[in-house]
Amino acid sequence: MDHSQWKTRQTRKLLGERVEESSAYVEAGYAFALGQAVHDRRTELGLSQTELARRAGMTQPQISNIEGGDSVPTLALLTRLAKALDASLTIDLDGDTSAFSFTAHEGGGPGGIGAGGRSSAA
């Protein structure tokens, strides 16, 4: 294929063409979506990465790596993160889409006011 025939992945998707995605690409998308959900809930609560790390028994660099999509935590660590974020974590993996949602526990919003913290990504 020469340069004139090459199209970006996004352009091909928009044109309705089938786009093969490697498993590494899909997993990176999941890691990024999870990291965004952690970041969104943490900032909703007004917490620093250091404070979240303290609450979850982790280090600040570990939180940074998760939020940046550079690492995927174990189920045990996800449980600790959800508890530290005073929220339930819902994970929806459905074919080409994924959603990671933190939903505040009753009274678990900013300043103790009940608020729903939700983040998702496709």
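Residues numbered from 1 in each chain as written. Predicted model: local features only at pLDDT ≥ 70, side-chain atom pairs only at ≥ 80, totals over all residues. Heavy atoms only, no water.

1. Side note on the overall build of the chain
Rule in force here: Put simply, DSSP marks the helices as runs of H or I at least four residues long and the strands as runs of E at least two long, and each gets a number from the N terminus on. Any residue under 20% of the maximum accessible area for its type is buried, any over 50% is exposed, and the rest in between are partly exposed; the area is computed with a 1.4 Å probe on protein chains only. Working rule for contacts: check all heavy atoms of both residues, and any pair within 4.5 Å makes them a contact. Where accessible areas are quoted, they stem from the Shrake-Rupley method and a 1.4 Å probe; at the residue level, only the protein chains shown are allowed to cover.
Check the secondary structure of the chain and you find 5 helices and 2 strands. Taken from N to C terminus, the helices and strands of the chain fall in the order α-α-α-α-α-β-β. Across the 122 residues that make up the chain, the buried fraction comes to 30%. Intrachain contacts of the chain at a sequence separation of at least 6 include 41% that bridge at least 24 residues. About 7,600 Å² of surface is accessible on the chain, with carbon and sulfur atoms providing 52% of the total.

2. Here's the deal with the pattern of salt bridges
Test applied: Salt bridges are defined as contacts in which a side-chain nitrogen from Lys or Arg sits within 4 Å of a carboxyl oxygen from Asp or Glu.
According to the stated counting rule, one finds 4 salt bridges in the structure shown. Here Glu44 ties to Arg41 by a salt bridge, and the two come within 2.8 Å at their closest N and O atoms. Taken together, the residues span about one helical turn, with Glu44 and Arg41 both in helix 2 (residues 23-44) at a distance of 3 residues. Note on Glu44: relative accessible area 25%, which makes it partly exposed. Residue classification places Arg41 among the buried positions, given a relative accessible area of 1%. A salt bridge links Glu67 to Arg42, with the shortest nitrogen-to-oxygen separation between them at 2.6 Å. Here Glu67 is found in helix 4 (residues 60-67), whereas its partner Arg42 is found in helix 2, with 25 residues between them in sequence. With a relative accessible area of 10%, Glu67 lands in the buried category.

3. Quick look at the environment of Ala56
Relative to the assigned elements, Ala56 resides in helix 3 (residues 49-56). Here the alpha-carbon distance between Ala56 and Leu81, two residues 25 residues apart in the chain, equals 5.6 Å. Those residues in contact with Ala56 that lie beyond four places of it in its chain are Arg80, Leu81 and Ala84.

4. Examining the nonpolar core
For the record, the criterion: Within this scheme, the nonpolar core is defined by two criteria: the residues are buried Ala, Val, Leu, Ile, Met, Phe, Trp, Tyr or Cys, and they are joined through side-chain atoms within 4.5 Å.
Residues Val38, Leu52, Met58, Leu81 and Phe102 are the most contacted members of the largest nonpolar core, which totals 21 residues. Counting residues per element, the ones that place at least two in this core are helix 2, helix 3, helix 4, helix 5 (75-84) and strand 2 (97-104). A total of 5 residues in this core trace back to one element, the largest contributor, which is helix 5. Non-local contacts of Leu52, meaning those with residues more than four positions away in its chain, are made with Val38, Arg42, Ile63, Leu81, Ala84 and Leu85.

5. Some remarks on the confidence of the model for the chain
Quick reminder of the rule: Residue-level confidence of the predictor, termed pLDDT, takes values from 0 up to 100.
Looking at the chain, the pLDDT average stands at 82 and 79% of residues meet or exceed 70. Here residues 111-122 is modelled with pLDDT under 50, and outside its nearest four sequence neighbours on either side it reaches 34 contacts, counting other chains as well.

6. Brief notes about the side chain of Arg41
This is how it is decided: Side-chain atoms alone can form a polar contact between residues adjacent in sequence; in general such a contact is a pair of N or O atoms within 3.5 Å, and within protein one must be able to donate a hydrogen while the other accepts it.
A distance of 2.8 Å separates polar atoms of two side chains, one belonging to Arg41 and the other to Glu44. Reaching out from Arg41, the side chain makes a polar contact with the backbone oxygen of Leu85 at a distance of 3.0 Å.

7. Things to note about unusual backbone geometry
Even without being glycine, Asp86 reaches a positive phi, approximately 50°. Looking at the element boundaries, Asp86 is found in the loop between helix 5 and strand 1 (87-94).

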